Amino acid sequence: MSNRVTNHKKPIRTPYIWESQHSKIKTMRNPIFTFGFILISTFLFAQNRLNFDGYQDHVLLNGTDFAPPWTAEVLVHKNAVGAYSHLLTSTNGTSGFRLEQYINNNRVGITSAGIADWSFNYQLPVGEWVHLAFTCDGQSMKLYVNGVQTGGVINGTIPFPMGMIGLNTTGAGALNSKIDELRIWNTALPQTSISEYMLTEIPADHPQYDNLVNYYQFDEKNIQIHITLINIHHQI
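Notes on the structure in this doc start here. (Residues numbered from 1 in each chain as written. Predicted model: local features only at pLDDT ≥ 70, side-chain atom pairs only at ≥ 80, totals over all residues. Heavy atoms only, no water.)

### Section: the packing of aromatic side chains
- For the coordinates displayed, the defined rule picks out seven aromatic pairs.
- Here Phe 66 and Phe 160 contribute two aromatic rings whose centre-to-centre distance is 5.1 Å and whose plane-to-plane angle is 10°, an arrangement assigned as stacked. In this pair, Phe 66 sits in the loop between β6 (58-60) and β7 (70-78) while Phe 160 sits in the loop between β14 (148-154) and β15 (164-165), placing the two residues 94 residues apart along the sequence. Across this residue pair, the class does not change: Phe 66 and Phe 160 are buried.
- Taking the centre distance of 5.6 Å and the plane angle of 85° together, the rings of Phe 97 and Phe 160 count as edge-to-face. Of the two residues, Phe 97 sits in strand β9 (residues 96-100) while Phe 160 sits in the loop between β14 and β15, which places them 63 residues apart along the sequence. Phe 160 shares its class with Phe 97; the two are buried.
- What links up through ring pairs into an aromatic cluster is the set Phe 66, Trp 70, Phe 97, Phe 134 and Phe 160. (Phe/Tyr/Trp six-rings, centres within 6.5 Å; stacked < 30°, edge-to-face > 60°. Helix = DSSP H or I, 4+ residues; strand = E, 2+ residues; numbered from the N terminus. Buried < 20%, exposed > 50% of the residue type's maximum accessible area, 1.4 Å probe, protein only.)

### Observations regarding the nonpolar core
- With 36 residues, the main nonpolar core has Trp 70, Phe 97, Leu 132, Phe 134 and Ile 179 as its most contacted residues.
- Among the elements of the structure, β7, β8 (85-89), β9, β10 (107-112), β11 (116-123), β12 (129-136), β13 (141-145) and β16 (177-185) are those that each provide at least two residues to this core.
- Leave out the neighbours within four places in its chain, and Phe 97 touches Trp 70, Ala 72, His 86, Leu 87, Leu 88, Gly 109, Ile 110, Phe 134, Ile 158, Phe 160 and Pro 161.
- Of all hydrophobic cores here, the second largest spans 10 residues; its members include Ala 133, Trp 185, Tyr 209 and Leu 212. (Core = buried A, V, L, I, M, F, W, Y, C linked by side-chain atoms within 4.5 Å. Contact = heavy atoms within 4.5 Å.)

What follows is the structure, given as structure tokens:
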């Protein structure tokens, strides 16, 4: 019932769990996880990306936030304009990266809970694939769009958010976008590395390869599920 996330780096073991509110399906990717719910027979089609429909679809990363420096890279295809939407959310449930900053701002931004809702001077287009990179060197945060620094500099920092993708813990900020090739680094990548590798898989000779913490390609194979779990805890 589990389907391993394709990656190219041995230390990358963080599981993620895809939860769809419409289909009521929990799909486990590379975890050992204890759960209790009802799941009827279904077929999960192959995919080369994750598509969030703006109705509380989300991914649980179940990771641990970590201090700067860091970089997040991701390919994003915005499906529609929303009030605000979470890309990556901290384990505190609110901080993180937003494709649309709170509220009706529509600019890409970063939030530090209880401190600030920062915005870059950039709005994602609807219906186009765009490569985004968020970087933090421990003093400031930058946004790169298709390899080019864009929208100014945020003079502040947050720990890298490793809680979930696509939502906050109150159920707000539902993401309405497709995403692919999520890469998490424990260094602030230079512009040269971002632009050179943004549309390719990360090879072992990448200059910052040793700083690649997690690499989610979201290339899942077709899997058939025929199980029913009712009010039990079962370890897979």
